[in-house]
Amino acid sequence: MPIDNDYFKNRQKQQGSTNNSPKNGGSNGGGNGGGNGGGYQPPFEPPQFFKNFGKGSAAIYGIIIIGIFLFLAKPFVVINSGEVGIKITTGKFENIPLEPGFHLYLPVVQKVIIVDTKVRLINYMSVEQMSTIDSGIKVNPAINILDSRGLPVSIELTVQYKLTPSGAPATIATWGLAWEEKIVNPVVRNIVRNVVGEFNAEELPKKRNEIATLIENGIREKVEELEGRPVTVESVQLREIVLPERIKEQIERVQIANQEQERVKYEVLRAKQEAEKKAALAKGEADKNRIEAQGRADAVTIEADAQSKANKLIAQSLTPNLLHMQQIQVQGKFNDALRENKDAKIFLTPGGSTPNIWVDTKDKARDTAIHK
């Protein structure tokens, strides 16, 4: 607002009249008064900006107040990807969630809750392993249960899940911000106890895959059958089955016995295979010999058959005239021999048929044998 300068003007007039009073003398007062009156300046003269400040002060004050209000109240919210906003108006949750982006709301009447819809994890593990730095990963103690005989067993697993974005307002309105502890965690523990409790501790390692499937299907079915399907189960991974020490030792002994049994079976099978191999080799050798012998016999038979056929053909070809001719030829050969060896003895077969047999009598040993 403008500064009033009337004070300084009145002050200047009063100073001038004081200087012209009789107490100070006429001539001196007039001279001092006239000099001081004409050259007096006020001690402070404000800048022109302050003189004009009052003209737009209302608008400036309004802008300042609005800026301060916006700064303190912050009537807007920015929602990131993987999140949804839930607008609450006078305590009532709106059914449609706010998608990622920039949104305005009335600070006094409304407020916005941002919830995470990305995939989240719950790790059930032993106490010495419990540690996490990610807000999207929760760590709970391993699930301790009793098997079908009452022996303690500990199960470690990981559950991946996420909040359904479209149903987030209804889920938070029904279950609150601690919906994980009210929906996922109780279901997981209940299903694991029901499934594992049906088996003996010794069976758990052998039937691990079957148990993991039963647990995952049970958790998925139980969580997703809730009204509105507030949570989606992505996967359930059975990481570890922790057994009592005496059960571990018993299983180890059984495994050693099974390994020894398998080794014996392997040795027996190997010996059997070796015997079968030798038998096959022997059979092969016998078959080979038999085939060779059969081949030789077949060759002799074929040769005999050929000779028989040849003899038959020769016999059929021997006519009296042919035999007589052959006799004459042989007789001629003997006659030639007698001319060279006159001491030879000649024997004729009965009927005079060929061939004739002759013996040289000069050979005394042969002659003696003949006469005997």
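Just above, that's the structure.
Residues numbered from 1 in each chain as written. Predicted model: local features only at pLDDT ≥ 70, side-chain atom pairs only at ≥ 80, totals over all residues. Heavy atoms only, no water.

Draft legend 1. Structural detail: the overall build of the protein. Scanning the protein from N- to C-terminus turns up eleven helices and twelve strands. Across the 372 residues in the protein, those meeting the buried criterion constitute 26%. When the accessible surface of the protein is summed, it comes to about 25,700 Å², and 57% of that surface belongs to carbon and sulfur atoms. (Helix = DSSP H or I, 4+ residues; strand = E, 2+ residues; numbered from the N terminus. Buried < 20%, exposed > 50% of the residue type's maximum accessible area, 1.4 Å probe, protein only. Areas by Shrake-Rupley, 256 points an atom, 1.4 Å probe, with all protein chains shown as cover.)

Draft legend 2. Quick look at the sheet that holds strand β5 (residues 110-116). Read from one edge to the other, the open sheet built from three strands follows the order β3-β2-β5, with strand pairing classed as antiparallel. The outermost strands of the open sheet, each flanked by one partner alone, are β3 (92-93) and β5. Across seven bridges, strand β2 (residues 83-89) lies against β5 in antiparallel orientation. Its bridge partner lying in β5, valine 84 is registered against valine 115. (Pairing = 2+ DSSP bridges.)

Draft legend 3. Seen up close, the packing of helix α5 (residues 168-175) against helix α6 (residues 179-196). Running from N to C, α5 and α6 point in directions that differ by 95 degrees, and their axes come no closer than 8 Å. In terms of orientation, α5 lies roughly perpendicular with respect to α6. Residues Thr171, Ile172 and Trp175 of α5 pack against Trp179, Lys182 and Ile183 of α6. Of the residues belonging to the contact of α5 with α6, the class tally is four nonpolar, one polar and one charged. (Axes fitted to C-alpha atoms, helices over the stretch in contact; angles between N-to-C directions. Parallel < 35°, antiparallel > 145°, perpendicular 65-115°, else oblique. Contact = heavy atoms within 4.5 Å. Nonpolar A, V, L, I, M, F, W, Y, C, P; charged D, E, K, R; others polar.)

Draft legend 4. Layout of the packing of aromatic side chains. If you walk through the whole model with that rule in mind, you get two aromatic pairs. Relative to tryptophan 179, the ring of tyrosine 161 has its centre 6.0 Å away and its plane inclined at 85 degrees; by these criteria the two rings are edge-to-face. One end of the pair, tyrosine 161, is in strand β9 (residues 152-163); the other, tryptophan 179, is in helix α6, and 18 residues separate them in sequence. The exposure classification of tyrosine 161 matches that of tryptophan 179, with both residues buried. (Phe/Tyr/Trp six-rings, centres within 6.5 Å; stacked < 30°, edge-to-face > 60°.)

Draft legend 5. Broad picture of unusual backbone geometry. Non-glycine residue threonine 90 carries a positive phi angle of around 50 degrees. Mapped onto the elements, threonine 90 comes out in the loop between β2 and β3. Backbone geometry places arginine 229, a non-glycine residue, at a positive phi of 45 degrees. Along the chain, arginine 229 falls in the loop between α8 (208-224) and β10 (231-242). Among the residues examined, arginine 229 registers a relative accessible area of 39% and is labelled partly exposed.

Draft legend 6. Just the packing of α6 against α8, in detail. The geometry of α6 relative to α8 is characterised by a closest axis approach of 9 Å and an angle of 140 degrees between their N-to-C directions. In terms of orientation, α6 and α8 fall into the oblique class. Relative to α8, α6 is oriented so that their crossing is right-handed. Across the interface between the two elements, Ile183, Val187, Val188, Ile191, Val192, Val195 and Val196 of α6 pack against Ile211, Leu214, Ile215, Gly218, Ile219, Lys222 and Val223 of α8. In terms of residue class, the contact of α6 with α8 is built from twelve nonpolar, one polar and one charged. (Left-handed = near helix turned anticlockwise from the far one by under 90°.)

Draft legend 7. Inspection of the nonpolar core at higher detail. Judged by nonpolar contacts, the single largest core of 42 residues is most densely connected at Ile155, Leu157, Val188, Val192, Ile215 and Ile219. No other element matches the nine residues that α6 contributes to this core. Discounting chain neighbours no more than four positions away, the residues touching isoleucine 215 are Leu157, Ile191, Val192, Val195, Val196 and Val236. Counting residues in hydrophobic clusters, the runner-up holds five residues, among them Val77, Ile79, Tyr105 and Val112. (Core = buried A, V, L, I, M, F, W, Y, C linked by side-chain atoms within 4.5 Å.)

Draft legend 8. Summary view of α8. Its 17 residues give α8 an end-to-end C-alpha distance of 24 Å, which sits within 8% of 24 Å, the value for a rise of 1.5 Å per residue. On the buried face of α8, the contacting elements are β9, α6, α7 (203-206) and β10. (Expected span 1.5 Å × (residues − 1).)

Draft legend 9. Highlighting the pattern of salt bridges. Under the definition given, this model contains eleven salt bridges. Its salt-bridge partner being arginine 149, residue glutamate 202 comes within 2.5 Å of it at the nearest N-O pair. In this pair, glutamate 202 sits in the loop between α6 and α7 while arginine 149 sits in the loop between β8 (143-146) and β9, placing the two residues 53 residues apart along the sequence. The closest approach of N and O atoms between arginine 263 and glutamate 260, which form a salt bridge, is 2.6 Å. In this pair, arginine 263 and glutamate 260 both sit in helix α9 (residues 245-317), three residues apart, roughly one turn of the helix. On the accessibility criterion, arginine 263 (42% relative accessible area) is partly exposed. Note on glutamate 260: relative accessible area 39%, which makes it partly exposed. Salt bridges sharing partners connect three or more residues here, namely Asp116, Lys118, Arg120 and Glu180. (Salt bridge = Lys/Arg side-chain N within 4 Å of Asp/Glu carboxyl O.)

So, to be careful, I would describe these as geometric facts and stop short of saying anything about function.
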